[in-house]
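Overview (structure and organization)
What follows is each chain in one-letter form.
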Amino acid sequence: MKIVLDRPRCEGHGLCEEAAPQLMHLDDEGELVLDREEVDGADVALANAAARVCPVAALRVI
């Protein structure tokens, strides 16, 4: 599966990073960086959790 970030929509709230720190982080400027776009196994659940908590729906798992 793949995590897709809608960069223009992302506002850098950081809730997704809290839900899945193994997969993403906020850089020094508050921009979300996906450390891994391809996920499998238990990481799919983390990616889905991150997408669910995003208040602006900037993440999707496909």
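As the structure is a prediction and not an experimental result, all values here were calculated from the model.

Rules behind the numbers
- Positions within a chain are numbered from 1, following the residues in the order the chain's sequence is written.
- With the structure being a predicted model, the display of local features is reserved for residues of pLDDT at least 70 and the display and counting of side-chain atom pairs for 80 or more, all residues being used for whole-chain, interface and lining totals.
- Hydrogens and waters are ignored; side-chain quantities use all the structure's heavy atoms.
- Starting at the N terminus, helices and strands are each numbered in turn, a helix being any DSSP run of H or I of at least four residues and a strand any DSSP run of E of at least two.
- Using C-alpha atoms as the atom set, the radius of gyration is obtained and then compared with a globule rule of 2.2 Å times the number of residues to the power 0.38.
- Burial classes: relative accessible area under 20% of the type maximum marks a residue as buried, over 50% as exposed, and values in between as partly exposed (1.4 Å probe, protein chains only).
- In this description, contact between two residues means that some pair of their heavy atoms is separated by no more than 4.5 Å.
- Computed by Shrake-Rupley with a 1.4 Å probe, the accessible areas treat only the displayed protein chains as cover when residues are assessed.
- Residues scored as charged are limited to Lys and Arg (positive) and Asp and Glu (negative), so that His and the chain ends carry no count.
- Positions of charges follow a simple convention, taking NZ of Lys, CZ of Arg, CG of Asp or CD of Glu.
- Expected helix span is given by 1.5 Å per residue-to-residue step, counting one fewer step than there are residues.

Attention now goes to the overall build of the chain. The helix and strand tally for the chain stands at two helices and four strands. When its helices and strands are written in sequence order, the chain yields β-α-β-β-α-β. Relative to the globule expectation of 11 Å for 62 residues, the C-alpha radius of gyration of the chain, 10 Å, shows essentially globular dimensions. Viewed in the frame of its principal axes, the chain has a C-alpha envelope of about 30 × 20 × 15 Å. The 62 residues of the chain split such that 34% are buried. Partitioning the contacts of the chain with sequence separation of at least 6, the portion at a separation of at least 24 is 59%. For the chain, the accessible surface area stands at approximately 3,800 Å², while carbon and sulfur atoms represent 48% of it. A distance of 9 Å separates the average location of the 6 positive side-chain charges in the chain from that of its 13 negative side-chain charges.

What follows concerns helix α2 (residues 42-53). The end-to-end C-alpha distance of α2, which contains twelve residues, comes to 17 Å, matching closely the 16 Å that a straight helix rising 1.5 Å per residue would cover. Listing the buried residues of α2 in full gives Asp43, Val44, Ala47, Ala49, Ala50 and Ala51. In the core, the buried residues of α2 are packed alongside β1 (3-5), α1 (15-19), β2 (24-26) and β4 (59-61).

Okay, unusual backbone geometry next. One non-glycine residue, Ala57, adopts positive backbone phi at about 55 degrees. With respect to the secondary-structure elements, Ala57 resides in the loop between α2 and β4.

Before going further, it helps to spend a moment on the environment of Asn48. Looking at the element boundaries, Asn48 is found in helix α2. Relative accessible area serves as the criterion here: at 30%, Asn48 is assigned to the partly exposed category. Through-space distance from the C-alpha of Asn48 to that of Cys10 is 16 Å; in sequence the pair is 38 residues apart.

Nothing here speaks to function; it is geometry throughout.
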